[in-house]
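# Structure assessment
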Amino acid sequence: MLLPQPRGPISHGVVRLLKDDRDEPAALTGGDEGDLQDDDLQLALWMLFELHYRGFADVPAGREWDLDLLRLRAELQERLEQELRSRTATAVAEALTVPEADFPERLTALIDAADGPSVAAYLQRDATRDQVVDFMRQRSIYHLKESDPYSFVLPRLEGAPKTALAELQYDEYGAGLPHRLHQTMFGDALEGCGLDREYGAYIDQASALTLATSNVASLFALQRRLRGAALGHFAAFESTSSVPCRKIARGIRRVGLPDVVAAYFDEHVEADAVHEQVAVRHICGALVEQEPALAEDVLFGAAACLAVDALAGERLLASWASSDSPQGESSLTRAAASPTSG
């Protein structure tokens, strides 16, 4: 993967630093809608996080631990964390006061209270073929590295939650079968739609909220102090996957896409129903039993996952509804390069 096109002064500055140009990024600013919906900031942060995954072909591998880049990442991720905590404070406080409940029940109550838009229901019943394909492009930013963020958490755990997370990750990574690796299956699904399966192929078209979906998982998983939030995020993702995946698979078949496209979602219908209980009880519940002080952070991670998914869903449905064309406007409007990007 090559570096994406910058979208403003912050991402332009990150690209220059990644290319070993010592120019400092421009002063950090935020858009009117907050950092979660700021294309420039989210792209900058995504590039900085990606150094810890597969990196970029045009960036030296040693830049992963460049101090200037780490300082900038720390500032950007602090801003993102502050916004997430502000957005989720009420939900977390309510979950902490659920009467006569053990921790898994508190976490389940928080997840069940989520009331975001149902993109899956729209895909099942109403979406055009082009909209389903657009959805697949959108999700590729996350699903082509599915579960990788949470693997960073394993060495930060011990005992029962570590064993349970390793067991669940084994399933996510294909249970020993490379062709069943969920990332590989999603790549197969992209090809079935006529799309590019290469990692990061659609990054220049990804919206701020698409990038934020990935960034929030990385924000939590790459910081030991936020290991509780990472596992709460994981639990919320697994707990809200099974039923939507069934609906999405039905929508894929309704519009006539090949079975290989639906196969990825079929795989998650039963698997994630089991994973939900493992994540909530045997990972998060066991972690909080070991370290009670992490209870609030686990709830925060779950609430953050649900909040960002709700925002991303609203944007996706609004983008499809806003166009006069039969398929609606693509959700992945190509970001214009910054005038200063050279």
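In this numbering scheme, every chain counts its residues from 1 along its sequence in written order. pLDDT decides what is reported in this predicted model: residues at 70 or higher carry local features, side-chain atom pairs at 80 or more are listed and counted, and totals for whole chains, interfaces and linings draw on all residues regardless. For side-chain calculations, the full set of non-hydrogen atoms in the structure is used, while hydrogens and water are omitted.

Here the focus is the overall build of the protein chain. The way it works is that DSSP assigns letters per residue, a run of H or I at least four long becomes a helix, a run of E at least two long becomes a strand, and they are numbered from the N terminus. For the protein chain, the count of helices and strands is 14 helices and zero strands. Secondary structure of the protein chain in N-to-C order comes out as α-α-α-α-α-α-α-α-α-α-α-α-α-α. Only protein chains enter the area calculation, which uses a 1.4 Å probe; residues under 20% of their type maximum are buried, those over 50% are exposed, and those in between are partly exposed. When burial is assessed residue by residue, the protein chain has 56% of its 342 residues classed as buried. Here the contacts in the protein chain between residues at least 6 apart in sequence split such that 79% fall between residues at least 24 apart. The Shrake-Rupley method, run with a 1.4 Å probe, gives the accessible areas here. Residue values count only the displayed protein chains as cover. Accessible surface computed for the protein chain: about 14400 Å², of which carbon and sulfur atoms make up 50%. It only takes one pair of heavy atoms within 4.5 Å for two residues to be counted as in contact.

Here we take up helix α11 (residues 227-239). Compared with the 18 Å implied by 1.5 Å per residue over 13 residues, the 18 Å span of α11 between its first and last C-alpha is a close match. In terms of burial, α11 is a largely internal element, 13 of the 13 residues being buried. In this analysis, the expected span of each helix is defined as 1.5 Å times one less than the number of residues it contains.

With that out of the way, let us pick up the pattern of salt bridges. Salt bridges are defined by distance alone: a side-chain nitrogen of Lys or Arg within 4 Å of a carboxyl oxygen of Asp or Glu. Counted according to the given criterion, the structure contains 16 salt bridges. Across the pair Asp 68 and Arg 71 runs a salt bridge, and its minimum N-O distance is 2.5 Å. Residue Asp 68 and its partner Arg 71 are both found in helix α3 (residues 67-96); the two are separated by three residues, about one turn of the helix. Two residues, Arg 85 and Asp 297, come together in a salt bridge whose shortest N-O distance is 3.2 Å. Of this pair, Arg 85 sits in helix α3 while Asp 297 sits in helix α14 (residues 295-321), and the two are 212 residues apart along the sequence. Taking the relative accessible area as the measure of exposure, Arg 85 reaches 31% and is therefore partly exposed. Connected through salt bridges with shared partners, the residues Glu 81, Arg 85, Arg 225 and Asp 297 form a single ionic network.

All right, on to the environment of Phe 152 then. Inspection of the secondary structure assignment puts Phe 152 in the loop between α7 (148-151) and α8 (160-172). Considered as a pair, Phe 152 and His 52 are 100 residues apart in the sequence and their alpha carbons are 10.0 Å apart. Other than its neighbours up to four places away in sequence, Phe 152 contacts His 52, Tyr 53, Ala 221 and Leu 222.

This paragraph deals with empty space enclosed by the protein. Picture a little ball the size of a water molecule; that probe, rolled over the atoms, points out where space is still empty. Residues are called lining when one of their atoms sits within 4 Å of a cavity or pocket point, these points coming from a 1 Å grid over the protein atoms alone, where a cavity is a set in which a 1.4 Å probe fits but cannot get out and a pocket is an open set with protein on both sides within 12 Å along at least five of seven lines. Grid points are joined across faces, edges and corners, and a volume is the space filled by probe spheres set on the points. Tallying each qualifying case throughout the model produces two cavities of 30 Å³ or more. Estimates place the volume of the largest cavity at around 50 Å³. Lining the largest cavity, in full, are Trp 46, Ser 140, Ile 141, Leu 144, Tyr 199 and Gly 200. Residue composition of the lining of the largest cavity, by class: four nonpolar, two polar and no charged. Of the pockets and cavities examined, the second largest cavity occupies roughly 30 Å³. Lining the second largest cavity are Leu 48, Leu 51, His 52, Glu 64, Asp 66, Leu 69, Leu 70 and Arg 73. Per-element accounting of the lining of the second largest cavity gives the leading share, three residues, to α3. Lys, Arg, Asp and Glu make up the charged group, whereas Ala, Val, Leu, Ile, Met, Phe, Trp, Tyr, Cys and Pro make up the nonpolar group; the residues left over, Gly among them, are polar.

Moving on to the side chain of Ser 218. Looking at the element boundaries, Ser 218 is found in helix α10 (residues 208-221). In this view, Ser 218 contacts Phe 49, Tyr 53 and Lys 145; residues no more than four positions away in its chain are not counted.

On to the environment of Pro 149. As for its placement among the helices and strands, Pro 149 is situated in helix α7. Each C-alpha atom, one on Pro 149 and one on Leu 222, is 7.5 Å from the other, the two residues being 73 residues apart in sequence.

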